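Structure assessment
Here are the chains, one letter per residue:
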Amino acid sequence: MKQNTLLQKSYRNSIQNIFRMKRTLVDLKYSLANRSKAEVKLLKSNKILKNSAKNAETGMKAMQKCLQNEKIRIRYINNITRMEKKRTIEKCKYWENIAQKTRYLKDHLQAKHETEVKLLQEQILNMRQEQKANKHEINKTKDELHFLLDNLNEKKQVDLTVPAPNGKYTFSTDTNLCIMELLNANVAFEKVSCVISSVMKLCNVDSRNNIFPKKDYVSTISSTRLFVSQAHAAIVCSEQENQTLYTDETKKNGQPYGVFVTTNEDKKPFLLGLRQMSNKAAQTQLDVFKQILGDIELRYNQVTTNDVNNHFNNQILQNIKCTMSDRAATQYHLTNS
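Described in the following lines is the structure provided in the data block. In this text the structure is predicted, and so the values were computed from the model without any measurement.

So, the overall build of the protein
A count of helical and extended segments in the protein gives seven helices and eight strands. Every one of the 337 residues in the protein was classed for burial, and the buried ones make up 20%. Residue pairs at least 24 apart in sequence account for 53% of intrachain contacts in the protein once pairs closer than 6 positions are excluded. About 26800 Å² of surface is accessible on the protein, with carbon and sulfur atoms providing 56% of the total.

Below you can see the structure in the form of structure tokens.
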């Protein structure tokens, strides 16, 4: 009986051990399953860690490149800052010099303006004194103007003549100059006295004894004007060298005429004469030119009071260096004369 009980106990213990073993097996299965899941998770986490490590490495490389670029930028910025610092220092020195100059100029100009103000004040005082004196003179001139206006309202008489040696009269030099100016303005001979009379009436002036130059006297003055112009041409052409003689012929009513003109180095023309010729031969032109030169010399001796005969015709011929003619024969005779 005791053995049976022992066997039963041992059997029971063995059964209990078996159940315990089953339980432990089940627990091991569950633990293995849990371990496999954990291993999968660990593998996934390892992959994630590897990827993150790679990303971290690439990030580190990028960060290193960024750091290198930043170092380069910092060096560049440092260089720029050094340059800018030098520039700012130079600018400061430049503007300091300008400020010193402006201060000096300001002080100098201020002193100059003060002296100018003093001078202007003195000038103003002088101008006021001059203004007072000018007012006094203006009052005097006003009185004189009133006096002159009163005299102008009265007609005055002007004597256009001067006494002549034969007991008669002749017109004055001013009258002769007036006649010449009117003739230069292309006033007709018979209209000169009318023009002078009209102008004198406009100026509220009368001619004494109502004497005015007549047509014949105006014609005489016109001839005198021609003599004076020829004398002037004689003086000018005899003094100026390197002249050029221009000759030309033309016909009017079947009669040939020749004109003789000289020019100086500045191409300024001087009319020597216009003459009627018997023909257009070269020798005839030379003879006419000699006659014109002789007349010019004669007119000069008649117009001037100089008793010395200057032989202007020879001087004019010596001053002529070139000839311009439309005919070769004419030029040959003039150059070989």
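So much for the structure itself; the text now carries on.
Quick look at the sheet that holds strand β8 (residues 320–324)
Read from one edge to the other, the open sheet built from four strands follows the order β7-β6-β5-β8, with strand pairing classed as mixed. Of all the strands in the sheet, just β7 (269–276) and β8 have a single pairing partner and so form its edges. Sheet twist, expressed as the average angle between the axes of neighbouring strands with direction ignored, equals 25°. Both strand β6 (residues 255–263) and β7 contribute to a ladder of seven bridges, which runs antiparallel. Each residue of the ladder has a partner; that of glycine 258, found in β7, is arginine 275. Along the sheet, helix α4 (residues 215–239) makes contact with β5 (243–252), β6 and β7, crossing β7 at roughly 120°. Across the sheet, helix α6 (residues 312–319) lies against β5 and β8, angled at about 70° from β8, the strand it touches most.

Observations regarding the packing of α4 against α6
Viewed as axis vectors pointing N to C, α4 and α6 meet at an angle of 45°, and their least axial separation amounts to 8 Å. Taken together, the axis directions place α4 and α6 in an arrangement best described as oblique. Along this stretch, α4 crosses α6, giving a crossing that reads as left-handed. Mapping the contact onto sequence places Ala234, Ile235, Cys237, Ser238 and Glu239 in α4 and Phe312, Gln315, Ile316 and Asn319 in α6. For the contact of α4 with α6, the class distribution of residues is five nonpolar, three polar and one charged.

What to know about α4
For α4, built from 25 residues, the straight-helix expectation of 36 Å at 1.5 Å per residue is met to within 8% by its first-to-last C-alpha distance of 36 Å. For α4, the complete set of buried residues consists of Val218, Ile221, Ser222, Gln230, Ala231, Ala233, Ala234, Val236, Cys237 and Ser238.

Section: the pattern of salt bridges
Counted under the stated rule, the structure contains two salt bridges. The shortest N-O distance in the salt bridge between glutamate 70 and arginine 73 comes to 3.3 Å. Note that glutamate 70 and arginine 73 are positioned in helix α1 (residues 2–153) at a spacing of three residues, about one turn of the helix. When the shortest N-O distance is used, the salt bridge between arginine 87 and glutamate 84 registers 3.4 Å. Of this pair, arginine 87 and glutamate 84 both sit in helix α1, separated by three residues, roughly a single helical turn.

A look at the packing of aromatic side chains
Scanning the model with the defined rule gives four aromatic pairs in all. Geometrically, the ring pair formed by tyrosine 94 and tryptophan 95 is edge-to-face, given 5.4 Å between the ring centres and 70° between the ring planes. In this structure tyrosine 94 comes out as partly exposed when scored by relative accessible area, which is 48%. What makes tryptophan 95 exposed here is its relative accessible area of 54%. Between phenylalanine 171 and tyrosine 217 the ring centres are 4.8 Å apart and the planes differ by 45°, which places this aromatic pair in the tilted class. Of this pair, phenylalanine 171 sits in strand β3 (residues 169–171) while tyrosine 217 sits in helix α4, and the two are 46 residues apart along the sequence. Residue phenylalanine 171 is classed as buried on the basis of its relative accessible area, which comes to 9%.

What about the layout of surface pockets?
In this structure, the largest pocket spans a volume of roughly 290 Å³. Lining the largest pocket are 15 residues, and of these Leu226, Gln230, Leu271, Leu272 and Gly273 sit closest to its centre. Listed by contribution, the elements that provide at least two residues to the lining of the largest pocket are α4, β7 and α5 (282–303). Grouping the amino acids of the lining of the largest pocket by side-chain chemistry returns eight nonpolar, four polar and three charged.

Calculation criteria
Residues numbered from 1 in each chain as written. Predicted model: local features only at pLDDT ≥ 70, side-chain atom pairs only at ≥ 80, totals over all residues. Heavy atoms only, no water. Helix = DSSP H or I, 4+ residues; strand = E, 2+ residues; numbered from the N terminus. Buried < 20%, exposed > 50% of the residue type's maximum accessible area, 1.4 Å probe, protein only. Contact = heavy atoms within 4.5 Å. Areas by Shrake-Rupley, 256 points an atom, 1.4 Å probe, with all protein chains shown as cover. Pairing = 2+ DSSP bridges. Axes fitted to C-alpha atoms, helices over the stretch in contact; angles between N-to-C directions. Parallel < 35°, antiparallel > 145°, perpendicular 65-115°, else oblique. Left-handed = near helix turned anticlockwise from the far one by under 90°. Nonpolar A, V, L, I, M, F, W, Y, C, P; charged D, E, K, R; others polar. Expected span 1.5 Å × (residues − 1). Salt bridge = Lys/Arg side-chain N within 4 Å of Asp/Glu carboxyl O. Phe/Tyr/Trp six-rings, centres within 6.5 Å; stacked < 30°, edge-to-face > 60°. 1 Å grid on protein atoms, 1.4 Å probe; cavity = no way out; pocket = protein on both sides within 12 Å on 5 of 7 lines; lining within 4 Å. Points joined across faces, edges and corners; volume = space filled by probe spheres on them.

All quantities given are derived from atomic positions and should not be read as evidence of function.
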